[in-house]
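# Structural features, examined
Now for the letters of each chain:
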Amino acid sequence: MITSALADGVVDVHAHWLPRELFGLPPEAPYGPMHDRDGQLHLGDLPLSIATDAMSDADAALADMDRVGVGVRVLSAPPFAFPLGATAGAVGYADAFNAALADVVGRSGGRLVGLGMVTLGDAAQVTRQLESMAAVEGVAGVAIPPVVGAGSLDSDPLRHVLAEVARLNLAVLVHPMQLGRPEWSNYYLANLIGNPVETATAVAALLLSGLVDELPGLRICFVHGGGCAPGLLGRWNHAWSARADVSARAARRPGESFRDLYFDTVTHGSDQLALLGRLAGTDRIVCGSDYPFDMAEPEPARFATEHGPGAESLDRAARAFLGCDAVAPAHRVAS
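Residues numbered from 1 in each chain as written. Predicted model: local features only at pLDDT ≥ 70, side-chain atom pairs only at ≥ 80, totals over all residues. Heavy atoms only, no water.

What follows concerns the nonpolar core. Ranked by internal contacts, the top residues of the largest apolar core, which has 80 residues, are Leu-18, Ile-144, Leu-162, Leu-206, Ile-220 and Phe-222. No other element matches the seven residues that helix 3 (residues 88–106) contributes to this core. Each residue touching Ile-220, except ones within four places of it in the same chain, is listed here: Leu-153, Leu-162, Val-172, Val-174, Leu-206, Leu-261, Tyr-262 and Phe-321. Formed by 25 residues, the second largest nonpolar core is a distinct cluster that contains Val-113, Ala-143, Ala-171 and Tyr-262. (Core = buried A, V, L, I, M, F, W, Y, C linked by side-chain atoms within 4.5 Å. Buried < 20%, exposed > 50% of the residue type's maximum accessible area, 1.4 Å probe, protein only. Helix = DSSP H or I, 4+ residues; strand = E, 2+ residues; numbered from the N terminus. Contact = heavy atoms within 4.5 Å.)

With parallel pairing, eight strands are arranged side by side in an open sheet as 1-5-6-7-8-9-10-11. Strand pairing shows two members of the sheet lacking a second neighbour, strand 1 (10–16) and strand 11 (285–286), which therefore form its edges. Across the face of the sheet, helix 2 (residues 58–68) comes into contact with strand 5 (70–76) and strand 6 (112–116) while running at roughly 145 degrees to strand 5. (Pairing = 2+ DSSP bridges. Axes fitted to C-alpha atoms, helices over the stretch in contact; angles between N-to-C directions.)

Below, the discussion takes up helix 3. An α-helical turn contains 3.6 residues, so any two residues separated by three or four positions project in the same direction. Given a rise of 1.5 Å per residue, 19 residues ought to cover 27 Å, and the 27 Å separating the end C-alpha atoms of helix 3 matches this to within 8%. Residues of helix 3 that are buried include every one of Ala-90, Val-91, Tyr-93, Ala-94, Phe-97, Asn-98, Ala-100, Leu-101, Val-104 and Val-105, and no others. If you follow the buried residues of helix 3, they end up packed against helix 2, strand 5, strand 6, helix 4 (123–134) and strand 7 (139–144). (Expected span 1.5 Å × (residues − 1).)

The next point concerns the sheet that holds strand 3 (residues 40–43). The strand order across the open sheet built from three strands is 2-3-4, with neighbouring strands paired in antiparallel fashion. Here the strands that pair on one side only, and so sit at the sheet edges, are strand 2 (34–37) and strand 4 (46–51). Averaged over all adjacent pairs, the angle separating strand axes in this sheet is 35 degrees, with direction ignored. Pairing of strand 2 with strand 3 involves four bridges; the strand directions are antiparallel. Counterpart to Met-34 in the pairing with strand 3 is Leu-43.

Here it is, written out as structure tokens:
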């Protein structure tokens, strides 16, 4: 929860952090473990092009915020650290991350906010973990993947997470896990194509299942500008009108319910961000950076304010997403 005022400035809702003691990653993780080689972070044998301290040191994240003009940064785990099972090791891993996150944000003076993690395999553990998060000052919600196994947001375990998040008035950030396919083995396509497709799958599942209407209080944000979803929205609208199996569970056209979701500004192009703003509405766009990954927006505040809806709208949308719109900052951001 957030009951205290956040620091002034642009709010970056999409950034990553993981303490070094958790670099081993949870049981059943599809990658890993993470480790340091001469100051550079590796995932197994794969170099991540990230300084190890950038991922593991909160002071490094704060220094980067000062460099790029970000006032508040929302930290979540890198997606390959999401616990996909419900073993004792996975539960312990999630609990350790959530405790470390609470400590880091609690010492930041309102400059850092946290999104915790849950173990995606045991509904009772998910409920316990989310209820614990809801009681921690500075932890606004949870980060989850868009797909688990053969299902997305409209099926368990992810559907249960969304229902509990809505019940507890928490925020949820959906971040792809970069799941590989043989045809994406070259050219970084697992990221360049796979990540946007994972996200679009989750957006479509949420809209076409009608779940977005079943959970009207849900505050949910999709990173990377919603992936492929903005470019596919017209196709989804057509199918909703043309096919009974597409519209069977959704009372509204996807283009209408799309405007109930939040999206970050990590689109890597002003034209793409402008399209997202037209489709989602400017009050649903929040600044993101993807710090400290190689695909991060290098100047997130500048890009978001110059090409997005403006500093005041970005600030208002971020605070609404995080559930702290009723908590006034020390100074309002000027537009």
